[in-house]
Every structure is written in structure tokens, then in C-alpha cells.
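Coordinate inspection notes
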Amino acid sequence: MSVIFRNGLVLTMDDAHTVLPGADVLVVGDRIAEVGVGLTAPDDAEEIDATGGILMPGMIDTHRHMWQTAMRGYGADWTLSQYFVWYYLESGKLFRPEDVYAGNLLSAIEAIDAGVTTTVDWSHGLQTPQHADAAVDALEAVPGRFVLAYGNIQQGPWEWTTSDGFRDFHRRRIANGKLAGFQLAFDVTGDPAFPEKAAFEVARELGVPVTTHAGVWGATNDDGIRLMYENGFMTPGTVYVHAATLSSDSYHRIAATGGSVSVSTESEQSAGQGYPPTWQLRKHGIPVSLSMDTSVWWSGDLFSAMRTTLSADRSREHLEAHGKQETVTNHHLRAEHVVDWATRGGAKALGMDSEVGALTPGRLADVVLLRNDDSPVMFPILNAYGHVAFQAQRGDVHTVLVGGRVVKRDGKLVDADLATARAKVAATVDHLRETLGEEAWKRGMNPEVPPAELFDNPYQYTDYDAGSAQWKH
Ligand SMILES: [Zn+2]
């Protein structure tokens, strides 16, 4: 089966970041065959008109707690400590395997709908191997590309990684499975005894990368990075999530050992892991990928990741400059950079750069067409990267291919069982709401509002004379 996109503005994201106006993308089987102007296609190729649209590689999210999508939006007003209390301490253990399935299924469908063709499921609710089976069952039911990052917040990583159940799961579902990749997902607390060492040794033995929430204010810090470094566990495949509250020394260690950082700007801004760190990462030469973290606050939409990351970086530059009575004359971070991070950056972070992340012949055909003829925002397209970062949004995702398979066409999902996802998520919400009770359910969603600070206004007028329409002093 072949697909040919005709006459689009193609952002190849190849090494030279070649941009081709009025170009075609030919897909044969599961791979990109050719990119160029006026291509010849096989007679049976499905032709998709990309006129007025932008063709780009499928986006890649390197850190999303997909099981939490069943609680979409519940924690909109949370801080990080409220999130920890709800999921880690109190309610996370209430999630049954079918609840992990429900969240993952909805999240996986959401990903492909938004043009995110590869997603890391940072799955730290895997209390039992049955939960892990459910997570994988859901990911395999959706035609996207998924990397399972196995985690379990109910136990220390030295416990679950060394359990027979985990080993058995890995043999059954991962070693010869259908997923795009596998990581171990756990955090390093900085305990000088370094109990996480046993989990790193399992990762090394299995030959799989580790992904870890690092530099999270009040939770993980420079000690964790130092322990990893001193024990030889900082490897090129390691993904450091957030890395927002770290010293320059830790950033140097990450850069020197070839790791990368998954930046979740919307999360860092609202939850409080630290200031979104791209302003530090670019000075230390650390590769970046983007992520949305969890739909308990935000949706799984990498357009907002690009937008907020660009804005947070610039915001920081302006703030620092103004503090020195200076003006920023030219921005360091460009729209082109965040588009690169949302595509190529993710591919590199996951060790999949030869397979996905760019529209070049030979790579897997993960293709996104942004086109929306009914939108006043889709013309004129003058600055292609700027258009993707600041103008386009998920509703403009017209067509999505994953490995040459059309999973969204004309703005509609193909073969996605949204009805099943809806029913299963509803059952999960009912289960949690009933188990918690109405009072706890509402309290969880509505954290206390701190007392407001209101300055005394020295210019407060007290007396208004309607006749003369003037304030009396
Ligand atoms: Zn996270």
C-alpha cells in the first residue's frame, strides 16, 4: 500500500532542516520512499491533497503518565505536593489493572489524534504484573508507537525491578513484544546508601535505558545525579525528566555522559519542579526533547509544549535582562528549535533517530499533515516553524500516518475505538469516586485557596460626586 501527499509545505527535519514548498511525500509500505516536487507515485497510491498545509514528522512525547488520563483535568489546581499526596500516598493504589487499561487507552488515542505518533508511557502505577499487562494491552490496541517506561511508585525500585513477576513480565511482553521500546522508570532520592543501585544494575543487565525525574524541587536533587555519576550509571540513553532544579555541576555531568532532558514546560510552570530549564540546558549543550507529563492537569498536546517552552525560555531571558537594566535584542531560542525538539529531539532521546523523527527516505512513515481550510489561522503560512509553534493547534491535525498506516484522515480518527475508551474511563471514574466517597473526591479536586494578599492603595478615592462627575479628594 502506498500513500502520496501532494503539494504541501514540507518540514523534513533532516540534518539540514530542509524546508520544501509545494512538495510531495511518497510513502510505500511502512517507509518514506521519496520527498520532493512532482513525484511519480504507484497507480494504486492513495493521494492526499496537502495544498495549503504543512507536512511534518509525527511528534514524539518522551514522558507521559498515560494511566493518569482517566483522571483528565481533575488536578488542574494542584501543586506538585498535592499530586504526590493524591497519587503516591493516598489514591494511586486504588487503581486496578482495568483502570490502568482505561487511562492508557484514552491517552493512546489522544496521542495519535494530536499527531503524536510516538509516546513514552511513563507508567509508574504498575503495582503488579497484571497492571503492566493491562498497560501493554491498551497500548497494543491503538495503532501508535509506544515505549513502555515501567515504574511502580508503591515500591522502591530495588524491590520491583528484582522481583520474579517483573522478570516474567519482561520475558513475556517485552523481549519479543510489539512495543517500540522499553525503559525503566524510577527516581533517585539522593539517599547516601544509594538503594536504587540494584535497579540500575537490572537496567544494565537487560540493556535498557533508565528514565528518571531529576532536579525536581523538594524531591530529587544534585545528590541523585552525583550518585548516578559516581556509580557509572549516567549513560547516553538516560532521559532526565524536568531537570529543572540542578546545579551547573549536574548539568555538566548530564552533558558529558551523553544524556538528554525531557522538558515538560507546562508541568514545571504549574506544579513547581523548577523553572523550565531550557535556558540552562542550551548553555550546557544538553539535548532536549519535549513532554506533557500528565493529563491530570494538561492535555497530551505537543503544540502547547512547543509554545510554552518557547515562551518560558524567552520570558526568563527578558526577566534576567531587565534585572540588569538591559534589553534582549535577539532571542536565542527560535521556533525552529522547539519544532526540532518535538520531533527529532524525541527520536534522538529514545535512540530511534535512524527510524523516526524526520521525513527522509528510508525512515518509518510517521507523518503529520496540518491542514484546516476552515481555519482563519492556517493562512498565510509565511514562517513555517513559527506557524507550527505559535499558530497551529491539535484541531489542525488533518491526517496522521504511523508506519505508513493512516490512523487519522480528514480530521477524523480511523479505527480508533473511542466508544470503548469512553465506557472504560467512565467505569474507572465511578470506581474511584465510590471508593473515595463524595467528600474526599471533591476535596481532592479543590485544594485550599491560600489567603489573598491585597495591597493598601494610597490612591483610593472615597467620594464620587455624580453631579460634577468627579472624585472628591
Ligand atoms: Zn512525570
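For every chain, the first residue of the written sequence is number 1, and numbering continues from 1 along that sequence. Selection of residues for local features in this predicted model requires a pLDDT of at least 70, selection of side-chain atom pairs for listing and counting requires 80 or more, and totals for whole chains, interfaces and linings are taken over all residues. Side-chain measures here rest on the full set of heavy atoms in the structure, leaving out hydrogens and waters.

At least two DSSP bridges between two strands are required for those strands to pair. Where helices and strands are cited, they refer to DSSP runs of H or I of at least four residues and of E of at least two residues respectively, numbered from the N terminus. Ordered by their spatial adjacency, eight strands build an open sheet running β6-β7-β8-β9-β10-β11-β12-β13, and the pairing between neighbours is parallel. Two strands in the sheet have a free side with no partner beyond their single neighbour: β6 (59-64) and β13 (288-290). Within the sheet, the average angular offset between the axes of one strand and its neighbour, ignoring direction, is 25 degrees. With two bridges connecting them, strand β9 (residues 181-185) and strand β10 (residues 210-214) associate as parallel partners. Bridged to A185 within β10 is T211. Every axis in this analysis is a line fitted to C-alpha atoms, fitted for helices over the stretch in contact. Angles between the N-to-C directions lie between 0 and 180 degrees.

Quick look at the environment of G73 now. You can see G73 is positioned in the loop between β6 and α1 (80-91). With 226 residues separating them along the chain, G73 and S299 place their C-alpha atoms 8.0 Å apart. Contacts are assigned to residue pairs that have any heavy atoms within 4.5 Å of one another. Those residues within four positions of G73 in sequence are excluded, and the remaining contacts are S295, V296 and W297.

Grid points spaced at 1 Å and placed over the protein atoms alone form the basis of the search, with a cavity being a set where a 1.4 Å probe fits but cannot get out and a pocket an open set showing protein on both sides within 12 Å along at least five of seven lines. Lining residues have an atom within 4 Å of a point. Grid points are joined across faces, edges and corners, and a volume is the space filled by probe spheres set on the points. In this structure the tally under the stated criterion is one cavity of 30 Å³ or more. Looking at the largest cavity, its volume works out to about 50 Å³. As for the largest cavity, its lining consists of V188, T212, H213, A214, T220, N221, G224, I225 and M228. Elements represented by at least two residues in the lining of the largest cavity include exactly β10 and α7 (222-230). When its residues are assigned to classes, the lining of the largest cavity shows four nonpolar, five polar and no charged. Throughout, the ten residues Ala, Val, Leu, Ile, Met, Phe, Trp, Tyr, Cys and Pro are labelled nonpolar, Asp, Glu, Lys and Arg are labelled charged, and all others, Gly among them, are labelled polar.

Here a salt bridge means any side-chain nitrogen of Lys or Arg lying within 4 Å of a carboxyl oxygen belonging to Asp or Glu. Scanning all chains against the criterion turns up 31 salt bridges. For the salt bridge of D99 with R96, the shortest nitrogen-to-oxygen distance reads 2.9 Å. Whether a residue is buried, partly exposed or exposed follows from its accessible area with a 1.4 Å probe, protein chains only, as a fraction of its type maximum: under 20%, in between, or over 50%, in that order. The buried category is assigned to D99, whose relative accessible area is 0%. For R363, the salt bridge goes to D353, with nearest N and O atoms at 3.4 Å. Of this pair, R363 sits in the loop between α12 (335-349) and β14 (367-370) while D353 sits in the loop between α12 and β14; the two residues are 10 residues apart in sequence, bridging distant segments of the chain.

The next subject is the coordination of the zinc ion. Donors, by definition, are the N, O and S atoms found within 2.8 Å of a metal, the threshold being 3.2 Å for Na, K and Ca, and water is not counted, so a site can look incomplete. The coordination sphere of the zinc ion contains the protein donors H63 (NE2), H65 (NE2), H213 (NE2) and D293 (OD), at a distance range of 2.1 to 2.6 Å. For a four-donor site, all angles between 85 and 135 degrees give tetrahedral; for four or six donors, opposite pairs above 155 degrees with the remaining angles between 65 and 115 give square planar or octahedral; all remaining cases count as irregular. Between the four donor atoms coordinating the zinc ion, the angles at the centre fall across 80 to 173 degrees, so the site counts as irregular. Among the residues examined, H213 registers a relative accessible area of 8% and is labelled buried.

Right, let's get into the packing of aromatic side chains. Here the aromatic set is Phe, Tyr and Trp, taking the six-membered ring for Trp, and pairing holds for ring centres within 6.5 Å; pairs whose planes are under 30 degrees apart are stacked, those over 60 apart are edge-to-face, and all others are tilted. In the structure shown here, the tally under the stated rule is 28 aromatic pairs. Measuring from centroid to centroid gives 6.4 Å for Y150 and F182, while their planes differ by 70 degrees, and the two rings are edge-to-face. Placement of the pair is Y150 in strand β8 (residues 145-150) and F182 in strand β9, with a sequence separation of 32 residues. For the pair Y150 and F182, a shared accessibility class is recorded, and that class is buried. Chaining the aromatic ring pairs together yields one cluster made of W67, Y74, W78, Y83, F84, W86, Y87, Y88, F95, W297, W298 and W441. The ring of Y275 carries R316 above its face, with NZ or CZ at 5.0 Å from the centroid. Both a distance and an angle decide whether a charge sits over a ring: NZ of Lys or CZ of Arg must be within 6 Å of the ring centre and within 35 degrees of the ring normal. Between the NZ or CZ atom of R316 and the centre of the ring of W279, over which it lies, the distance is 3.7 Å.

We now examine the layout of surface pockets. Approximately 460 Å³ is the volume attributed to the largest pocket. What lines the largest pocket is a set of 32 residues, among which F84, Y88, I153, D187 and H213 lie closest to the centre. Of all elements in the fold, only α1, α4 (157-160) and α9 (265-271) reach the threshold of two or more residues within the lining of the largest pocket. The element best represented in the lining of the largest pocket is α1, accounting for four residues. Looking at the lining of the largest pocket, its residues break down into 15 nonpolar, 14 polar and three charged.

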